[in-house]
Amino acid sequence: MAAKKISSFHPPQRVLMGPGPSNINPRVLAAMSLPVIGYMDPAFVDMMAELKTLLRYAFQTDNQLTYPISGPGSVGMESCFVNMVAPGDKVVVCRNGVFGGRMIENVERCKGTPIIVEGTWGEPVDPNAVEDALKKNPDARIVAFVHAETSTGCVSDAKTLAEVAHKHDCLTIVDAVTSLAGCPLKVKEWDLDAVYSASQKCLSCTPGLSPVTYSDRVIDYVTGRKDKVQSWFMDLNLILNYWGHTVRTYHHTAPINGLFALHEALLLLKEEGIENTWARHQRHYQALKAGFEAMGLKFLVKEEKDRLPQISTIMVPEGIDEAEVRSKLLSEFNVEIGAGLGPLAGKVWRFGLMGYTANSANVMLCLSALGSILSKMGYPVKVGEAEAAAHQSYANQHTSMAQKARSRS
Ligand SMILES: Cc1ncc(COP(=O)(O)O)c(C=O)c1O
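Values in this document were obtained by computation on a predicted structure and should not be read as measured data.

## Comments concerning a nonpolar patch on the surface
Inference 1: A cluster of nonpolar side chains, contributed by W232, F233 and L238, occupies part of the molecular surface with about 280 Å² of accessible area.
Inference 2: Looking at where W232 falls in the secondary structure, it is placed in the loop between α8 (216-223) and α9 (236-244).
Inference 3: Residue W232 is classed as exposed on the basis of its relative accessible area of 53%.

So this is what it looks like as structure tokens:
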């Protein structure tokens, strides 16, 4: 059989409106293609310091140990657990979606005991249920929860959950993979301990990096551990010598060009201003929501206050083939959206408006493409009504912003 000739790979241009990765600003892609330098080059070391400063801004913290882990969000998650959970430790883990389930796996693999607080998928973690679990388990050391559950589009009240945890002398592990830069996340003000994220969601950077930040409480615990952290690669005690101090020693070869890209993505965030970035996600979500509602589509997350602006989970209407809709969006309109995970597979679509992807052109394209596909499949939608509703939402938001500006001046 003749072998297929392999040529250079040219990916298609897609509009990435799923749960991540999101589209990337050309400035970030350009940074990625700059010449590689050594990971101990003085210029690189200077850039690492800037990266840490920019990450502190993104996380809204002044934690000294704030840096990007070489690896995707899952490595960030695992790093928190392997460093903070010793064999026999009890960890309260809140599960209201797929990613809380992965936290439980992590506790078990660290030979800890997970105390599971089960929640409803599509509803936030209940702080009272966490409090009950802590009362029943006064020897628990950690409370772990997902701030922004990407599998459902639901946000939990991280501030209150951290208050409950600290009242019971527990540290917190917080998954901020989808929340960082997409909605308010205030590590210092909310007093969160170990927080991890990922580069490919609302930071709109290339995938493969996991920004993390650790409070001094976490560093004190990890540096004081008598046993060896079971992962060599993730052991904070060793990583501190590369990312933590001014004198750097080799730990592993950093993903140099990925870090150039992250530096640029974070600079873009700083230039826009984090509050403006949060507001932009909210503005485009409002328009997308208006369009969905005009089409008669329903959200999985019932309460508006619990919804993440950066990911909308929409119930698939009766009689509609969900996979066919996703496949047509991709093949006919170049728009990628996400499927449901776990028990939500086949029941929902997930529409992301993350980072660079969150703009009005994408909102309009998505509504128009979805309306056109659904109407061809016999779903009663009048093509054009959703776009009109989104336009109206933008117009209303513009008017209320102008009124606010007038009342301030
Ligand atoms: C909430 C949450 N946690 C963890 C992860 C894992 O991140 P990654 O896929 O970058 O390993 C994801 C990925 O979608 C996520 O949404």
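There is more to say, and it comes next.
## Some words on the packing of aromatic side chains
Working definition: an aromatic ring pair is given by the centre-to-centre distance plus the angle between the planes.
Inference 1: One pass over the full model with this rule turns up nine aromatic pairs.
Inference 2: Measuring from ring centre to ring centre gives 5.9 Å for Y242 and W243, while their planes differ by 75°; the resulting arrangement is edge-to-face.
Inference 3: Taking the ring centre of Y221 as reference, the NZ or CZ of R141 above it sits at 4.0 Å.
Inference 4: The aromatic ring of F299 is capped on one face by R307, whose charged end is 3.8 Å from the ring centroid.

## A look at the UniProt feature "binding site: substrate" (unreviewed entry) in the protein chain
Inference 1: On the UniProt side, "binding site: substrate" (unreviewed entry) is annotated at positions that read R350 here.
Inference 2: In this fold, R350 is placed in strand β14 (residues 348-352).
Inference 3: A relative accessible area of 5% means that R350 is categorised as buried.
Inference 4: Here R350 is in contact with M17, G18, P19, T150, S151, I311, S312, T313, I337, G338, A339 and L341, once residues within four sequence places are set aside.
Inference 5: Among the polar contacts made by the side chain of R350, one reaches the main-chain carbonyl oxygen of T150 at a distance of 2.8 Å.

## Concerning the side chain of R56
Inference 1: Residue placement: R56 occurs in helix α2 (residues 42-59).
Inference 2: One buried charged residue, R56, forms no salt bridge at all, with the nearest opposite charge on D62 at 7.4 Å.
Inference 3: Ignoring anything within four residues of it in the chain, the contact list for R56 reads T61, D62, N63, Q64 and T66.

## Describing the pairing of strand β10 (residues 209-214)
Inference 1: In terms of burial, β10 is a largely internal element, six of the six residues being buried.
Inference 2: Alternating positions in β10 separate into two faces, L209, P211 and T213 on one and S210, V212 and Y214 on the other, with burial throughout.
Inference 3: Where strand β2 (residues 65-70) meets β10, six bridges bridge the pair, whose relative direction is antiparallel. Looking at the pairing, Y67 lines up with V212 of β10.
Inference 4: Examined bridge by bridge, strand β9 (residues 194-196) and β10 share three bridges and lie antiparallel to one another. Looking across to β10, one finds that V195 is bridged to T213.

## Structural notes on the nonpolar core
Inference 1: Counting 98 residues, the largest nonpolar core has V130, I173 and Y214 as its most contacted members.
Inference 2: Top contributing element to this core by residue count: helix α10 (residues 256-272), with nine residues.
Inference 3: Looking at which domains feed residues into this core, each of domain 1 (26-270) and domain 2 (274-408) gives three or more.
Inference 4: Among all residues touching V130, those that are not within four sequence positions of it are V92, C94, V117, V125, V143, L161 and V164.
Inference 5: By size, the runner-up hydrophobic cluster in this structure holds 33 residues, among which are F299, V316, V325 and A386.

## Examining the sheet that holds strand β8 (residues 171-175)
Inference 1: Taken together, the seven strands give an open sheet; going across it, the order is β2-β10-β9-β8-β5-β3-β4, and neighbouring strands pair in mixed fashion. Edge positions in the sheet fall to β2 and β4 (113-118), since each has one partner strand and no second. Neighbouring strand axes in the sheet, compared pairwise and without regard to direction, differ in orientation by 20° on average.
Inference 2: Here strand β5 (residues 142-146) pairs with β8 via five bridges, running parallel. Among the inter-strand pairings, V146 is bridged to a residue of β8, identified as D175.
Inference 3: Each of β2, β9 and β10 touches α2; the most contacted strand, β2, lies at about 105° to it.
Inference 4: Helix-sheet contacts for α9 involve β2 and β10, and the interaxial angle to β2 is about 105°.

## Let's talk about unusual backbone geometry
Inference 1: The peptide bond linking G20 to P21 adopts the cis configuration, its omega dihedral lying at 5°.
Inference 2: Backbone geometry places A181, a non-glycine residue, at a positive phi of 75°.
Inference 3: In this structure, A181 sits in the loop between β8 and α7 (187-190).
Inference 4: Of the residues examined, A181 reaches a relative accessible area of 2% and is grouped as buried.

## Considerations on the site of the ligand
Inference 1: If you check the shell around the ligand, you find P72, G73, S74, F99, V146, A148, T150, D175, V177, T178, Q200 and K201 and nothing else.
Inference 2: Here an oxygen atom of the ligand sits 2.8 Å away from a polar atom, N or O, in the main chain of G73.
Inference 3: K201 is positioned such that a nitrogen or oxygen atom in its side chain is 2.6 Å from an oxygen atom of the ligand.
Inference 4: Summarising the interface, the protein chains cover 86% of the accessible area of the ligand, which totals 390 Å² for the free molecule.
Inference 5: A class-by-class count of the residues in the shell around the ligand yields five nonpolar, five polar and two charged.

What counts as what
- Residues numbered from 1 in each chain as written.
- Predicted model: local features only at pLDDT ≥ 70, side-chain atom pairs only at ≥ 80, totals over all residues.
- Heavy atoms only, no water.
- Patch = residues over 30% accessible without salt bridge, like charges linked within 9 Å, V, L, I, M, F, W, Y side chains within 5 Å.
- Areas by Shrake-Rupley, 256 points an atom, 1.4 Å probe, with all protein chains shown as cover.
- Salt bridge = Lys/Arg side-chain N within 4 Å of Asp/Glu carboxyl O.
- Helix = DSSP H or I, 4+ residues; strand = E, 2+ residues; numbered from the N terminus.
- Buried < 20%, exposed > 50% of the residue type's maximum accessible area, 1.4 Å probe, protein only.
- Phe/Tyr/Trp six-rings, centres within 6.5 Å; stacked < 30°, edge-to-face > 60°.
- Lys NZ or Arg CZ within 6 Å of the ring centre and 35° of its normal.
- UniProt positions renumbered as here; feature names shortened; annotations may be inferred.
- Contact = heavy atoms within 4.5 Å.
- Polar contact = N/O pair within 3.5 Å; in protein donor to acceptor, adjacent residues only side chain to side chain.
- Lys, Arg positive; Asp, Glu negative; His and termini not counted.
- Pairing = 2+ DSSP bridges.
- Core = buried A, V, L, I, M, F, W, Y, C linked by side-chain atoms within 4.5 Å.
- Domains from an automatic or database assignment.
- Axes fitted to C-alpha atoms, helices over the stretch in contact; angles between N-to-C directions.
- Near = heavy atom within 4 Å.
- Nonpolar A, V, L, I, M, F, W, Y, C, P; charged D, E, K, R; others polar.

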